[in-house]
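Okay, here's what each chain looks like letter by letter:
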Amino acid sequence: MAETLINLKPESAWRPGMTVDRLVAELDQALQFPGVSNAWTMPIKARIDMLSTGIRTPIGIKVFGKELGELERLAKEIEAVVKTVPGTTSAYAERLTGGYYLTIEPRRDMLGRYGLSIDELQGVIASALGGELVTTTVEGRERFGVIVRYPRELRADPDAMGRHVLVPTMSGAMIPLGQVAAVSVELGPPGIRTENALLSAYIFVDIRDRDIGKLMWPRHSGW
């Protein structure tokens, strides 16, 4: 979500014949980006809508279920249908999959061979990749934590991590992380919504020149 606030000039300075609806239409045509859906509203109204419903647009549709892939499929179908309803200027269904996660799966047999525990491996991963606070510098009234971790080029991808991140063994030898763990990047949900103990997906709908009640209720009363 990216939010932009536009401050308008006094109406006396507008072009002849310009209205709020025409201005929104021109802005919507000028601001078209791949993968981005525009939703035009007023700042205070947007805050009230988000606080009361969690939806950032005048109309929102919630889909509930138990499987993220199926929820995303249904949400995309609803998005396509809603776009055909007269008065709809934009409709966007949240994408529930497509996030990337770094997965480090310990190889227990190799850990046992080198006399290492899961905790020791996790400690190395936490400090080498996430960073570890080693000290605090004092500069006058200010305090700064000093965090140490591997440089970016040594942790930029799974192959680099497997080769360059070293794990100390009981004998003092240093072995590559790839020998005691499988490092990979996997797809997963970028975020998970739940409501009433069910997974949920949101479809955001923006409208113009239509009454909200007449747009949704008579047409979809059979849902």
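Every chain's residues receive numbers from 1 upward, in the order its sequence appears when written. Given that the model is predicted, a residue must reach a pLDDT of at least 70 before its local features are reported, and side-chain atom pairs must reach 80 or more before they are shown or counted; all residues, however, enter totals for whole chains, interfaces and linings. No hydrogens and no water enter the side-chain calculation; it runs on all heavy atoms of the structure.

Trainee: I'd like a rundown of the overall build of the protein, residues and numbers included.
Mentor: When you go through the protein residue by residue, the secondary structure sums to 8 helices and 10 strands. Taking all 223 residues of the protein together, the buried fraction comes to 29%. Taking the contacts inside the protein whose residues are at least 6 apart along the sequence as the reference set, 63% of them involve residues at least 24 apart. Here the positive residues are Lys and Arg and the negative ones are Asp and Glu; neither His nor the chain ends is included. Lys charges are placed at NZ, Arg charges at CZ, Asp charges at CG and Glu charges at CD. The protein carries 26 positive and 27 negative side-chain charges, and their two centres are separated by 3 Å. Only DSSP runs of H or I with at least four residues qualify as helices, and only runs of E with at least two residues qualify as strands; both kinds are numbered from the N terminus onward. With a 1.4 Å probe rolled over the protein chains alone, any residue whose accessible area is under 20% of its type maximum counts as buried; one over 50% counts as exposed, and the rest are partly exposed. Two residues qualify as a contact provided that any one of their heavy atoms is within 4.5 Å of a heavy atom in the partner residue.

Trainee: Lay out the pattern of salt bridges with the relevant residues and their values.
Mentor: A side-chain nitrogen of Lys or Arg and a carboxyl oxygen of Asp or Glu constitute a salt bridge if their distance falls within 4 Å. If you walk through the whole model with that rule in mind, you get 9 salt bridges. Here Glu79 ties to Arg95 by a salt bridge, and the two come within 3.0 Å at their closest N and O atoms. Of this pair, Glu79 sits in helix H3 (residues 68–82) while Arg95 sits in the loop between strand E2 (88–93) and strand E3 (99–106); the two residues are 16 residues apart in sequence, bridging distant segments of the chain. With a relative accessible area of 34%, Arg95 lands in the partly exposed category. Two residues, Arg193 and Glu94, come together in a salt bridge whose shortest N-O distance is 2.8 Å.

Trainee: Give a detailed account of the confidence of the model for the protein, specifying residues and quantitative values.
Mentor: Summarising the model, the protein shows a mean pLDDT of 85, and 94% of its residues fall at 70 or more. One number per residue, pLDDT, summarises how confident the predictor is, and it ranges from 0 to 100. Low pLDDT (under 50) marks residues 217–223, which in the prediction has 6 contacts with non-local residues, meaning those over four places away or in another chain.

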